[in-house]
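Topology and contacts: notes
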Amino acid sequence: MSEEQIKNLEAEFEARIARDEKIEPKDWMPEKYRQTHIRQISQHAHSEIVGMLPEGNWITRAPSLRRKVALLAKVQDEAGHGLYLYSACETLGISRDELYEQLHSGKAKYSSIFNYPTVTWADMGAIGWLVDGAAIINQVPLCNTSFGPYARAMVRVCKEESFHQRQGYEIMLKLCEGTPEQKELAQDALNRWWWPSLMMFGPTDAESTHTEQSMKWKLKRKTNDELRQQFIDQTVPQAEILGLTIPDPDLKWNEERQSYDFGEINWDEFWQVVKGHGPMNKERMKARVGAWERGEWVRDAAMAHAEKQQERKDKKAV
Ligand code: FAQ
């Protein structure tokens, strides 16, 4: 293709983005647009799959049948989210095997939040309330993202996340209405999950490498700092209803900005976790790779069955 032709395609692509048209897998797109979508969508898919592990830890220990059923359904939803997202990513010309290989070899990132341990039942409440709450704030704008398969996957994901968030908040509410020890468990979980939840939104806008370009392509519709602020403003009143204290002495309502000011995030901790040195990074990867290896016989059996069926079909056709 001549340079002139590529320039025309780029101009048409930019015009479509400006008109808020969806870009579909077979449409022409700049290589960097394709690559940045593979990066974000695959990290998102990996996060959903690895994100099942901290909660999976509690399915057998949920305190009642009702809680167990709800948690089981939530964790299953997360598997489903991972699968829609891997499928959306595959439409960009990368295979599922390559995506798994990137995760299992440690090349691909997944959300920092899933590298923290879930030590008490209250952590199930805190994850639903805070982690799914943050995920909703981050993902609602993605329903409007420019790449069609990602935007459509996000519509269903957000509906399910909303059930997850309520499931978590209900656990927190029950604990806070319970004995002083139960309320203490809820406060302890909030203390441990608050700051990592703020880190989920990524580095500050000043430090973010991808935000500027991703905003131009309408992949991201809001910046990391905007979403983080929205999360804080929405969550603080919810903590007040629970009667819990946000573990930030600098948290203060700013009348002029009509928003909360908040304390400094520990970015050293964030980057340590992102680079693989968080409290649970090694365990998470060991569990993922182990599950993949233990599932090999199932994949082999499914392939052998498919081949046999095909052979039978071919024989009948002769
Ligand atoms: N953890 O330039 P930016 C969920 C990396 S799903 C690890 O700002 P970007 C559901 C970033 O990749 C949670 N790495 O990057 C659930 C980049 O590195 P790279 C996941 C992070 O992409 C709930 C570098 O830092 N959600 O919770 C993180 O423009 C409960 C520079 O950052 C999504 O993936 C982090 N927190 O903005 C499941 C949503 N933040 O790639 C189970 C979609 C940044 O150059 C239980 N993704 N990095 O090597 C996004 O919205 C964006 O990708 C951001 C990051 C906002 C996460």
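Each remark here, short or long, concerns the structure printed above.
The shown structure was predicted, so the numbers you read here are calculated from the model rather than taken from an experiment. (Residues numbered from 1 in each chain as written. Predicted model: local features only at pLDDT ≥ 70, side-chain atom pairs only at ≥ 80, totals over all residues. Heavy atoms only, no water.)

1. Quick look at the overall build of the protein
- Regarding its fold elements, the protein presents 13 helices and 2 strands.
- Taken over the C-alpha trace, the protein has a radius of gyration of 22 Å; the compact-globule value for 318 residues is 20 Å, and the two agree within 12%.
- When its C-alpha atoms are laid out on the principal axes, the protein stretches across 75 × 50 × 35 Å.
- By residue count, 47% of the 318 residues in the protein fall in the buried class.
- Sequence-distant contacts in the protein: of pairs separated by 6 or more residues, those separated by 24 or more amount to 76%.
- In the form shown here, the protein has an accessible surface area of approximately 16,800 Å², with 55% of it arising from carbon and sulfur atoms.
- When the 43 positive and 49 negative side-chain charges of the protein are each reduced to one mean point, those points stand 6 Å apart. (Helix = DSSP H or I, 4+ residues; strand = E, 2+ residues; numbered from the N terminus. Rg over C-alpha atoms; globule rule 2.2 N^0.38 Å. Buried < 20%, exposed > 50% of the residue type's maximum accessible area, 1.4 Å probe, protein only. Contact = heavy atoms within 4.5 Å. Areas by Shrake-Rupley, 256 points an atom, 1.4 Å probe, with all protein chains shown as cover. Lys, Arg positive; Asp, Glu negative; His and termini not counted. Charge placed at Lys NZ, Arg CZ, Asp CG, Glu CD.)

2. Structural notes on empty space enclosed by the protein
- One pass over the full model with this rule turns up 1 cavity of 30 Å³ or more.
- Taken together, Ile-17, Asp-20, Glu-21, Lys-22, Asn-144, Thr-145, Ser-146, Lys-218 and Arg-221 make up the lining of the largest cavity.
- Broken down by class, the residue content of the lining of the largest cavity amounts to 1 nonpolar, 3 polar and 5 charged. (1 Å grid on protein atoms, 1.4 Å probe; cavity = no way out; pocket = protein on both sides within 12 Å on 5 of 7 lines; lining within 4 Å. Points joined across faces, edges and corners; volume = space filled by probe spheres on them. Nonpolar A, V, L, I, M, F, W, Y, C, P; charged D, E, K, R; others polar.)

3. Details of the environment of Thr-118
- Relative to the assigned elements, Thr-118 resides in the loop between α5 (96-104) and α6 (122-139).
- By relative accessible area, which is 7% here, Thr-118 ends up buried.
- Taking C-alpha positions, Thr-118 is 8.9 Å from Ala-189, a pair spaced 71 residues apart along the chain.
- Polar contacts involving the side chain of Thr-118 include one to the main-chain carbonyl oxygen of Pro-54, which spans 2.8 Å.
- A polar side-chain atom of Thr-118 sits 3.0 Å from a polar atom in the side chain of Asn-57. (Polar contact = N/O pair within 3.5 Å; in protein donor to acceptor, adjacent residues only side chain to side chain.)

4. Topic: the packing of helix α8 (residues 180-199) against helix α10 (residues 224-242)
- At a minimum axis distance of 13 Å, the contact between α8 and α10 shows a crossing angle of 175 degrees. Taken together, the axes of α8 and α10 are roughly antiparallel relative to one another. Residues Lys-183, Trp-194, Ser-197 and Leu-198 of α8 pack against Arg-228, Phe-231, Ile-232, Thr-235 and Leu-242 of α10.
- The residue makeup of the contact of α8 with α10, split by class, is 5 nonpolar, 2 polar and 2 charged. (Axes fitted to C-alpha atoms, helices over the stretch in contact; angles between N-to-C directions. Parallel < 35°, antiparallel > 145°, perpendicular 65-115°, else oblique.)

5. Structural notes on the nonpolar core
- Residues Trp-129, Trp-193, Trp-194 and Phe-231 are the most contacted members of the largest nonpolar core, which totals 74 residues.
- It is α6 that provides the largest number of residues to this core, a total of 9 residues.
- Trp-129 has contacts with Gln-165, Gly-168, Tyr-169, Met-172, Leu-190, Thr-235, Gln-238, Ala-239, Leu-242 and Leu-244, leaving out every residue within four places of it along the chain. (Core = buried A, V, L, I, M, F, W, Y, C linked by side-chain atoms within 4.5 Å.)

6. Here's the deal with the site of the ligand
- Near the ligand there are 36 residues, and of these Gln-43, Lys-109, His-210, Lys-220 and Asn-224 occur at the shortest range.
- For the ligand, an oxygen atom lies 2.9 Å from a polar atom in the side chain of Arg-39.
- Here the ligand, which alone exposes 1,100 Å², has 92% of that area covered by the protein.
- Because more than half of its atoms lie within 2 Å of the grid, the ligand is assigned to the largest pocket. (Near = heavy atom within 4 Å. Sits in = over half its atoms within 2 Å of the grid points.)

7. Some remarks on the layout of surface pockets
- When its volume is computed, the largest pocket comes out at roughly 1,200 Å³.
- For the largest pocket, the lining is made up of 49 residues, of which Gln-40, Gln-43, Ser-47, Ser-111 and Met-200 are closest to its centre.
- With 9 residues, helix α2 (residues 31-50) is the largest single contributor of residues to the lining of the largest pocket.
- A breakdown of the residues in the lining of the largest pocket according to their chemical character gives 20 nonpolar, 17 polar and 12 charged.

8. Observations regarding the environment of Thr-211
- Here Thr-211 is to be found in helix α9 (residues 211-216).
- Among residues more than four places away in sequence, those in contact with Thr-211 are Lys-220, Thr-223 and Asn-224.

9. With respect to helix α1 (residues 3-18)
- Over its 16 residues, α1 extends 22 Å from the first C-alpha to the last, a length consistent with the 22 Å expected when each residue adds 1.5 Å.
- Those residues of α1 not exposed but buried are Phe-13, Arg-16 and Ile-17. For α1, the angular spread of buried residues about the axis comes to 100 degrees, placing them on one side. More than 90 degrees from the buried face of α1, the exposed residues found are Glu-4, Lys-7 and Ala-18.
- Tucked inside the fold, the buried residues of α1 contact α2 and α9. (Expected span 1.5 Å × (residues − 1). Arc of directions from axis to C-beta.)

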